[in-house]
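# Reading the structure
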Amino acid sequence: MEALVNLILQFGDLNKQQIEFLLSKVEMLELKKDDYLSEAGKVPRYVAFVLEGVFRFCYYNNRGEEITNYFVDEGNFVVDNEKFESQIVASEYVQAVTDCKVLAFNKKNWDQISGTIVGWEMMKANMVKKCLTLAMERRSPLVSEDATTRYLSFIEAFPNLINRIPLSYVASYLGITQQSLSRIRRNIR
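Residues numbered from 1 in each chain as written. Predicted model: local features only at pLDDT ≥ 70, side-chain atom pairs only at ≥ 80, totals over all residues. Heavy atoms only, no water.

Hydrogen bonds between backbone atoms are what pair the strands of a sheet, whose relative direction is either parallel or antiparallel. Taken in spatial order, the four strands make up an open sheet running E1-E8-E3-E6, and their pairing is antiparallel. Strands with a single pairing partner mark the edges of an open sheet, and in this sheet they are strand E1 (27-31) and strand E6 (77-78). Pairing analysis gives five bridges linking E1 to strand E8 (residues 100-106), with the strands arranged antiparallel. Looking at the pairing, methionine 28 lines up with leucine 103 of E8. (Pairing = 2+ DSSP bridges. Helix = DSSP H or I, 4+ residues; strand = E, 2+ residues; numbered from the N terminus.)

Time to look at the UniProt feature "domain: Cyclic nucleotide-binding" (unreviewed entry) in the protein. As recorded in UniProt, the feature "domain: Cyclic nucleotide-binding" (unreviewed entry) lies at residues 10-113. For residues 10-113, the end-to-end C-alpha separation is 17 Å, with 21% helix and 39% strand making up the annotated structure. (UniProt positions renumbered as here; feature names shortened; annotations may be inferred.)

This part covers the packing of aromatic side chains. Applying the stated criterion across every chain, the model contains twelve aromatic pairs. Both rings, one in phenylalanine 49 and one in phenylalanine 77, keep their centres 5.6 Å apart while their planes meet at 65°; by these two values the pair is edge-to-face. Taken together, the residues phenylalanine 49 in strand E3 (residues 46-52) and phenylalanine 77 in strand E6 connect sequence positions 28 residues apart. Considered together, phenylalanine 49 and phenylalanine 77 belong to a single accessibility category, that of buried residues. Ring centres 5.1 Å apart and planes at 55° place the aromatic pair phenylalanine 105 and tryptophan 110 in the tilted group. Using a relative accessible area of 0% as the deciding quantity, one classes phenylalanine 105 as buried. Among the aromatic residues, those joined into a cluster by ring pairs are Phe71, Phe154, Phe158 and Tyr173. Arginine 56 extends its terminal NZ or CZ atom over the ring of tyrosine 169, reaching a point 3.7 Å from the ring centre. (Phe/Tyr/Trp six-rings, centres within 6.5 Å; stacked < 30°, edge-to-face > 60°. Buried < 20%, exposed > 50% of the residue type's maximum accessible area, 1.4 Å probe, protein only. Lys NZ or Arg CZ within 6 Å of the ring centre and 35° of its normal.)

Shown next, in the form of structure tokens:
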């Protein structure tokens, strides 16, 4: 819980009573590998702070291929924010890549925090801005780069993830086949 509080305090000041109120609205969730925090075709239920584990945002293209957009790991919020706030159906999946522990806020509690803590809306807007900026930086790279460059960029952007997530997800993120990824990895060594 301390990591969550420390992250939130980067975006504004809260007194002890406000922090206690905030923490009273959070619940611990444990997701097993391959579980979904949010599913396409359903309204997202949670804003979650990742304590342990890795999530990926993914969707299926018009050919039925699974495409990984980006990854979220420890110390970050994971949410399809636009769909969560508007309570509309998501178009992407948010899937646990590893076993995960999160501190989660449901919509009712998230809104109660907004209605109770003065300045929360501005703090929330700044948190969302940071998360969206991070997500855009971590989005799958443009295909204009060659595959080796994309892979090296991935290692640079996600140094702690390469040994924690299946190579099939890495290949999907990079927009290449698993065979191509294996060849690239072999040639780099």
